[in-house]
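# Secondary and tertiary structure notes
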Protein chains: 4
Amino acid sequence: MSENKKHTNTVNIAILGASGYTGIEAIRLLANNKNYNIVDVTADSNAGMSVSEIYPHLSGINLPDFKKIEDTNFSKIDAVISCLPHGKTQNILSSLPSDIKICDLSADFRFNDIELYEKVYEKHHEATDLQQEAVYGLTEINRDKIRKSRFIANPGCYPTSALLPLLPLIKGNFVKKGTIVVDSKSGVSGAGRTLKNNLLYGEVSDGFSAYGLISHRHRPEIQSQISAHSSSIYKILFTPHLLPIKRGILSTIYFCINDNSNIESVIKCLKDIYAEEKFVKYSETLPSTNDVRGTNLCKMKAFFDETTNQVVIISVIDNLIKGAAGQAIQNLNLMLGFNETDGLTNFPMFP
Amino acid sequence: MSENKKHTNTVNIAILGASGYTGIEAIRLLANNKNYNIVDVTADSNAGMSVSEIYPHLSGINLPDFKKIEDTNFSKIDAVISCLPHGKTQNILSSLPSDIKICDLSADFRFNDIELYEKVYEKHHEATDLQQEAVYGLTEINRDKIRKSRFIANPGCYPTSALLPLLPLIKGNFVKKGTIVVDSKSGVSGAGRTLKNNLLYGEVSDGFSAYGLISHRHRPEIQSQISAHSSSIYKILFTPHLLPIKRGILSTIYFCINDNSNIESVIKCLKDIYAEEKFVKYSETLPSTNDVRGTNLCKMKAFFDETTNQVVIISVIDNLIKGAAGQAIQNLNLMLGFNETDGLTNFPMFP
Amino acid sequence: MSENKKHTNTVNIAILGASGYTGIEAIRLLANNKNYNIVDVTADSNAGMSVSEIYPHLSGINLPDFKKIEDTNFSKIDAVISCLPHGKTQNILSSLPSDIKICDLSADFRFNDIELYEKVYEKHHEATDLQQEAVYGLTEINRDKIRKSRFIANPGCYPTSALLPLLPLIKGNFVKKGTIVVDSKSGVSGAGRTLKNNLLYGEVSDGFSAYGLISHRHRPEIQSQISAHSSSIYKILFTPHLLPIKRGILSTIYFCINDNSNIESVIKCLKDIYAEEKFVKYSETLPSTNDVRGTNLCKMKAFFDETTNQVVIISVIDNLIKGAAGQAIQNLNLMLGFNETDGLTNFPMFP
Amino acid sequence: MSENKKHTNTVNIAILGASGYTGIEAIRLLANNKNYNIVDVTADSNAGMSVSEIYPHLSGINLPDFKKIEDTNFSKIDAVISCLPHGKTQNILSSLPSDIKICDLSADFRFNDIELYEKVYEKHHEATDLQQEAVYGLTEINRDKIRKSRFIANPGCYPTSALLPLLPLIKGNFVKKGTIVVDSKSGVSGAGRTLKNNLLYGEVSDGFSAYGLISHRHRPEIQSQISAHSSSIYKILFTPHLLPIKRGILSTIYFCINDNSNIESVIKCLKDIYAEEKFVKYSETLPSTNDVRGTNLCKMKAFFDETTNQVVIISVIDNLIKGAAGQAIQNLNLMLGFNETDGLTNFPMFP
């Protein structure tokens, strides 16, 4: 299997760390996608169990049982989606056969600057060679590189919601240098299926709080992508909040408009750059997480305040799809020569 | 277009009363279904508006604008899904060209006994001829009749959840004569997009209540279907409750087992009769509304209590899909010669 | 301190196992109650921490830090509320000084029939002497005994919701012998602050399921109380369900009315017996969990179905208050000679 | 009854527009407050009905029936809480006897600048004399004026959450001139009991959106209060969002710190100024709406980001209490010589 060839047959895919929310979302999305044949699903702690024992909503799909990674025969695998947790993927993914296309959903390969990675994630980078190969998988921005790549570092959910509106505007010189405030709100599935008191129904329901102020790890991820497309004169201030919803991120983004610019050209920039995109849309109505839930869509809309010269952008995604498993499949579709939108074209369910 | 021919081409479909929750669910399901071409969507109060103005989650789909029924040219329509409210459909549907296949989601044609209808719905039946033609669209039970029919009275949501487990057991003589208790719990979408205080978020959220005790209109609907398959020795006692969830019905059903029967044969009956069904399943795990949300599935499981000789059945559906728009499309698929499952085969989304 | 004396001074109270939901609810209710002085709060796993570190909503209250039970000096304690888990209380509570008034919220002393307890809870009863002394603390039913008692086994939450309507009707001979169906729905706080996947927000929210069918341990508790007030000719069939709400139980209760009785006399019985009660009410409107949330109230309403001769009763409580900490304080108020309603008279908050 | 006298007796109070969420919250809070005797509750559309017919959670309280304002005899009334909608209060309140203490919860008297009011609310101000008398009822900031006043314009809910942290910092010169971003999130009760599609459970639940960007009327209210305490060199940028919770506001506030200042002094300022306050607290933990729900509390916490020199403040209130009815009663307590905290000292309920 050489890169960039069109796949006319089904691709054998393995999902690593498949028993978390992102993993089962990848399973769900791939199960209805004729391009892919799910050959292996790994989950060390649940090895030996069937998928439907743990997730009854997936009963009725013909799936392999969970197994350990070490019991997986990668010689018959064409592609991998890795949902392993941060810090565990570098050794595993660098040991896989080099002809396997990989999309990694952890943060382990999202930083070209290895020092920055080691500072932010407080651990030694153990696969610097593979890091060289890694392409940041923000599809609409890096499509050409992704198409030619073998290894994708899939973006974080918050960064996806912030960068899709911000990067075109920064590249187009619409944003005045200085601070960009990203005030983000996420549903609980962003925290994974983690047994913590603060994720219990009784504690999340009917309440709202911020967390990770100043220090959240998605801030340097956003910052480093912004800096990669400018001369680093922008500083990101990022505040995440936990919403009592199951899935969805809404980011409210504030920045000063450049002196020679105006809101009409800001809007035109976003409309033009995403005019032909299937998944990223400038919205005519005020975007709600309802408009993207269950889909690979990102919707955004820009507003302008004359008295402060600030632009406010509302951007929404489904954190488990465009923010994780969906964008991963979109990237694999590109890497494998399938239609980019295959298996990702459903509409949101409402109510 | 004559009945029972296989359709090899796309069918032109109109959705009447399309701006409610059931109507837009029909639109959403049909929009991804290559068998159907949505030609008209009517909504008298919203005539002239685009679908996405009212439901932004449906933006991006190429759809006609809402129009009035009277402005609809039915000569080019092959099939109709009617989501008009109870009491409004009889005159309208009986005036449509007689070669149009119709699936009506109101209660107006669900009672063969016209007197009973008039008593329960407190209005004069205005289309008794069409009533003769109507087939009760509980697909798995009446499939053969449905396939040959032109006009379907689609079942109510609660009756669908109760009858799918009960009818095979009653026909198989597993249920002792006497009272059958159906204790049902439904998400709010079952009440439609209705502006009432008791449907506001502030009133529904974090609370729970019963309603319509003794007198709910789905009770005589369940009763009349039960009676149609037995000698009327069963009496249904039905209590609906309003759940703080968006979609989903769970019915807990209680009845005494017949003296010569046992729980193993009850379970075998359900497993056998639904063994080949794609949408109705005997569940290995305790069914949750999570297991069917967003799908056309009904899942059920039976339990037995020795001390009281009672069987308890848990049955779950998505009220807007198997309980409304999904079963309607399943029926139309049959009536029009398509594969019964076309456009209805997605899996639940979780979380 | 001798029994049955009126307390004119403040009572020193200790709450054992105070870091769960029931424990902090007891703290919250007692913190505003001038009769009680919270002297000790024990929580073995959180010993050494302040209450507000774990529950910030209780910051601002002057409270002792959590300590281990073994570090508690019971010689200065007048009363104990025990929120320890089932199976742990028998040894601990039987070792306390015999002049301490105790209300135990576990199930460990709810069964007079020790064999039944050992069968249901699958463990050896280790404090059969103390069991002799235990009074089942369903206040409105057993008030006189409670007033004279030293040791209370506080009822389970589901049994409280079922027994308050059922016991007067059974004693009054309104219920035909046979099966009584109790179909109950509870908010998640009933399961405590337990780290289980099925209690995570992502899994509970927007879904609904039954659990513990046939075998739930509150069934024999209800049954044994019913049997204690009749000649055991009633058989309880009990199905609990998990509601996506934080607190509240609604029980829907079905039984056949006795031949010589009628619904008017059923209603009169409930109205009369609870006419002077402050916490238990026959409701004019259909009771919702909203009507009792945050209060020590139980509200109920009865309906009759002529065709099946069945009575349907809707009964609601707040599981953490009337179903746990509130009824415990109501009982202690009685045992200590305070006004029964002291500290429990607030109204529900809505929305 | 002359101003500033201590009330030793019960005050007769009328609540105008009492059938909305704010009105019934005032009823609930006053019903447990021995200082006040609820003499009249007006609600034009519900005149003649009992309170508990519309709000069953308030059954059991001895309350007058709803009546029309025109049927109210104000000669026996000492105090009024007006919950009438914006634009309706000016004529009514200016016609009341001048010895009645009034707290108005509408926006009609919140702007000293009448031109600004008329521009923002797009209507003629019809009680400019009464406006002269009006004191902005942000209690902790304007306590002395409130104590001496007869007529209070109670602050908006969002402004309360933003101004309590901001005003002391602006007065203390900690905030660099320029833009202050207030990114606020509110529960649905802030929108009142309004029959709109976007407030239905099916539309709010499990979703999240912004609204009123740039133009929300609470922005000029915040701005005018900020300007009143500075030389108007600050510009407020305000974005409200609708949370799927019933009550609670969390505001995330961003501003640049002054060059000669630092975060320690910002925190010290807030801690010191609110050190003796019963309702406004600098929080040791990250404030959640859970920490204030059901109370008159405002909790806040400040963070600092070195790279952007920005302070981020999280501030939480219960929009119906500190943001409406609770602060109104706090103000009346002051105006009438009662203890400021009377009837407002309960703790939050959790979960």
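Each chain has its residues counted from 1, following the order in which its sequence is written. Key to labels: chains lettered from A, ligands numbered from 1, both in the order written. Residue-level local features of this predicted model are given only where pLDDT is at least 70; pairs of side-chain atoms are given and counted only at 80 or more, and the full residue set underlies all totals for whole chains, interfaces and linings.

### Structural notes on the overall build of chain A
Cut-off, in case you're wondering: Going along the chain from the N terminus, every DSSP run of H or I of four or more residues is numbered as a helix, and every run of E of two or more is numbered as a strand. Restricting the calculation to C-alpha atoms gives the radius of gyration, and the globule rule supplies 2.2 Å times the number of residues raised to the power 0.38. Exposure is read from a count of other C-beta atoms within 10 Å of each residue's own; the residue is exposed at 12 or fewer, buried at 20 or more and partly exposed in between. C-beta atoms are placed from the backbone. For every residue pair, C-beta atoms are placed from the backbone, and the pair is scored as a contact if these atoms sit within 7 Å.
Each helix and strand in chain A was counted, giving 11 helices and 14 strands. A compact globule built from 351 residues should have a C-alpha radius of gyration of about 20 Å, and chain A, at 20 Å, falls within 12% of that. With respect to the principal axes defined by its C-alpha atoms, chain A has extents near 60 × 50 × 40 Å. For chain A, buried positions account for 61% of its 351 residues. The contacts in chain A between residues at least 6 apart in sequence include a share of 71% that link residues at least 24 apart.

### Digging into the sheet that holds strand β1 (residues 11-16) of chain A
All names here are of chain A. Note the following rule: Any two strands between which DSSP finds at least two bridges are classified as paired.
Taken in spatial order, the seven strands of this open sheet run β3-β2-β1-β4-β5-β7-β6, and their pairing is parallel. Two strands bound the open sheet, and with one partner strand each, they are β3 (66-67) and β6 (135-136). Both β1 and strand β2 (residues 36-42) contribute to a ladder of five bridges, which runs parallel. Directly across from V11, in β2, lies its bridge partner Y36.

### A word on the relation of the copies chain B and chain D
As a reminder, the rule being used: Least squares is the method for superposing the copies, and the C-alpha atoms it fits come from residues with pLDDT of at least 70 in both.
For these two chains of identical sequence, chain B goes onto chain D by a turn of 180° and a shift of 0.0 Å along the axis, with RMSD 0.0 Å. Here the symmetry operator amounts to a two-fold rotation axis.

### So, the relation of the copies chain D and chain A
Expressed as a screw transformation, the operator carrying chain D onto chain A has a rotation angle of 180° and an axial translation of 0.0 Å, and the superposed copies differ by an RMSD of 0.0 Å. Interface overlap between copies: 100% of the residues of chain D at the interface are likewise at the interface in chain A, consistent with a symmetric, same-surface contact.

### Side note on the environment of L166 of chain C
All names here are of chain C. Its place among the elements puts L166 in helix α7 (residues 157-171). In sequence terms L166 and A47 are 119 residues apart; their C-alpha atoms lie 42 Å from each other. Leaving out residues up to four positions away in the same chain, L166 has contacts with I180, I226 and I253.

### Concerning the packing of helix α7 (residues 157-171) of chain D against helix α11 (residues 321-335) of chain D
Between two packed helices, both the angle of their axes relative to each other and the distance between the axes serve to describe the pair. Residues and elements named next belong to chain D. Formally: To obtain an axis, a line is fitted to C-alpha atoms, over the contacting stretch when the element is a helix, and the angle between two such axes runs from 0 to 180 degrees between their N-to-C directions. Angle categories are assigned with fixed cut-offs, so that under 35 degrees is roughly parallel, over 145 is roughly antiparallel, 65 to 115 is roughly perpendicular, and the rest are oblique. When residues are grouped by polarity, Ala, Val, Leu, Ile, Met, Phe, Trp, Tyr, Cys and Pro land in nonpolar, Asp, Glu, Lys and Arg in charged, and all others, Gly among them, in polar.
Remark: α7 packs on α11, axes separated minimally by 8 Å, with the N-to-C direction vectors making an angle of 95°. Considered as vectors, α7 and α11 are oriented roughly perpendicular to each other. Contacts between α7 and α11 involve C157, T160 and S161 from the former and K322, G323, A324 and Q327 from the latter. Considered class by class, the residues forming the contact of α7 with α11 number two nonpolar, four polar and one charged.

### Focus on helix α9 (residues 218-228) of chain C
Residue pairs spaced three or four apart in an α-helix point in one direction, given the helix's 3.6 residues per turn. Residues and elements named next belong to chain C. Buried residues dominate α9, accounting for nine of its 11 residues. Buried within α9 we find H218, R219, P220, E221, I222, Q223, S224, Q225 and I226. Against α4 (114-121), β6 (135-136), α7, β8 (178-186) and β10 (234-242) lie the buried residues of α9.

### Concerning the pairing of β1 of chain A
Residue and element names in this part refer to chain A. Rule in force here: Consider the strands pointing away from the viewer: the crossover is right-handed when the path from the first strand over the helix to the second runs clockwise.
Among the six residues that make up β1, five are buried, leaving the element largely enclosed by the rest of the structure. Crossover connection from β1 via helix α1 (residues 21-31) to parallel β2: handedness right-handed. Direction of pairing for β1 relative to strand β4 (residues 79-82): parallel, over a ladder of four bridges. Among the inter-strand pairings, A14 is bridged to a residue of β4, identified as V80.

### Side note on the interface of chain D and chain A
In this assembly, 37 residues from chain D lie in contact with 37 residues from chain A. Residue assignment for the side of chain D that touches chain A shows that the elements contributing at least two residues are β8 (178-186), α8 (201-204), β9 (209-210), β10 (234-242), β11 (249-256), β13 (298-305) and β14 (310-317) of chain D. Among the elements that take part in the side of chain D that touches chain A, β8 of chain D stands out by supplying four residues, more than any other. Of the residues assigned to the side of chain D that touches chain A, the class counts are 17 nonpolar, 13 polar and seven charged.

### Concerning the interface of chain B and chain D
In this complex, chain B contributes 14 residues to the contact, which on the side of chain D involves 15 residues. When its residues are assigned to classes, the side of chain B that touches chain D shows seven nonpolar, four polar and three charged.

### Side note on the domain arrangement of chain A
Residues and elements named next belong to chain A. Which entries qualify depends on this criterion: Residue ranges for the domains trace back to a domain assignment, done automatically or taken from a database.
Split by domain assignment, chain A resolves into domain 1 (11-155 + 322-335) and domain 2 (158-319). Spacing between the C-alpha centres of domain 1 and domain 2 amounts to 24 Å. With 20 residues of domain 1 at the contact, the number on the domain 2 side is 24 residues. For the side of domain 1 that touches domain 2, the secondary structure elements donating two or more residues are α4 (114-121), α6 (139-148) and α11 (321-335). In terms of residue count, α11 provides more of the side of domain 1 that touches domain 2 than any other element does, six residues in total. When the residues that make up the side of domain 1 that touches domain 2 are grouped by side-chain class, the tally is 11 nonpolar, five polar and four charged.

### Considerations on the pairing of strand β13 (residues 298-305) of chain A
Residue and element names in this part refer to chain A. Of all eight residues in β13, six are buried, a share of seventy percent or more. Strand direction decides the pairing type here: strand β12 (residues 280-282) and β13, joined by three bridges, are parallel. Bridging across to β13, V280 finds its partner in C298. The sheet contact formed by β13 and strand β14 (residues 310-317) spans eight bridges and is antiparallel. Within β14, the residue paired with M300 across the bridge is S315. The hairpin turn running from β13 into β14, its antiparallel successor, is four residues long, and N309 in that turn takes a positive phi close to 60°.

### Digging into the environment of Y234 of chain D
Residue and element names in this part refer to chain D. One can find Y234 in strand β10. Here Y234 falls in the buried class, since 21 other C-beta atoms lie within 10 Å of it. In this structure, Y234 is in contact with I170, V175, K177, I180 and I226, ignoring residues within four places of it in sequence.

### Quick notes on unusual backbone geometry
Where the residue is not glycine, phi is negative for most of them; where a peptide bond is considered, it is trans in most cases. Cis rather than trans, the peptide bond between F350 of chain B and P351 of chain B has omega equal to -5°. Tracing the chain through its elements places P351 of chain B in the segment after α11 (321-335). Backbone geometry at D206 of chain C places phi at a positive 65°, although glycine is not the residue there. If you trace the backbone, D206 of chain C turns up in the loop between α8 (201-204) and β9 (209-210). In this structure, N309 of chain C is a non-glycine residue whose phi angle is positive, near 60°. Within the element layout of this structure, N309 of chain C appears in the loop between β13 (298-305) and β14 (310-317).

### Observations concerning the sheet that holds strand β2 (residues 36-42) of chain D
All names here are of chain D. Spatially, seven strands are ordered β3-β2-β1-β4-β5-β7-β6 in an open sheet, and the strand pairing comes out parallel. Unpaired on one side and paired on the other, β3 (66-67) and β6 (135-136) mark the two borders of the sheet. Sheet analysis places β6 next to strand β7 (residues 151-153), joined by two bridges and oriented parallel. Within β7, the residue paired with Y136 across the bridge is A153. Packing of helix α1 (residues 21-31) onto the sheet brings it into contact with β1 (11-16), β2 and β4 (79-82), and relative to β2 it is tilted by some 160°.

### Some remarks on the packing of helix α7 (residues 157-171) of chain B against helix α10 (residues 263-273) of chain B
Residue and element names in this part refer to chain B. Test applied: Crossings are sorted by hand: turned counterclockwise from the far helix by less than a right angle, the near helix makes the crossing left-handed, and turned clockwise it makes it right-handed.
As a packed pair, α7 and α10 sit with axes 10 Å apart at the nearest point and diverge in direction by 115°. Between α7 and α10, the crossing angle belongs to the class labelled roughly perpendicular. Judged by the twist between their axes, the crossing of α7 over α10 is right-handed. Every residue of α10 that contacts α7 at P165, P168 and L169 is listed here: V266, C269, L270 and I273. Residues that form the contact of α7 with α10 fall into these classes: seven nonpolar, no polar and no charged.

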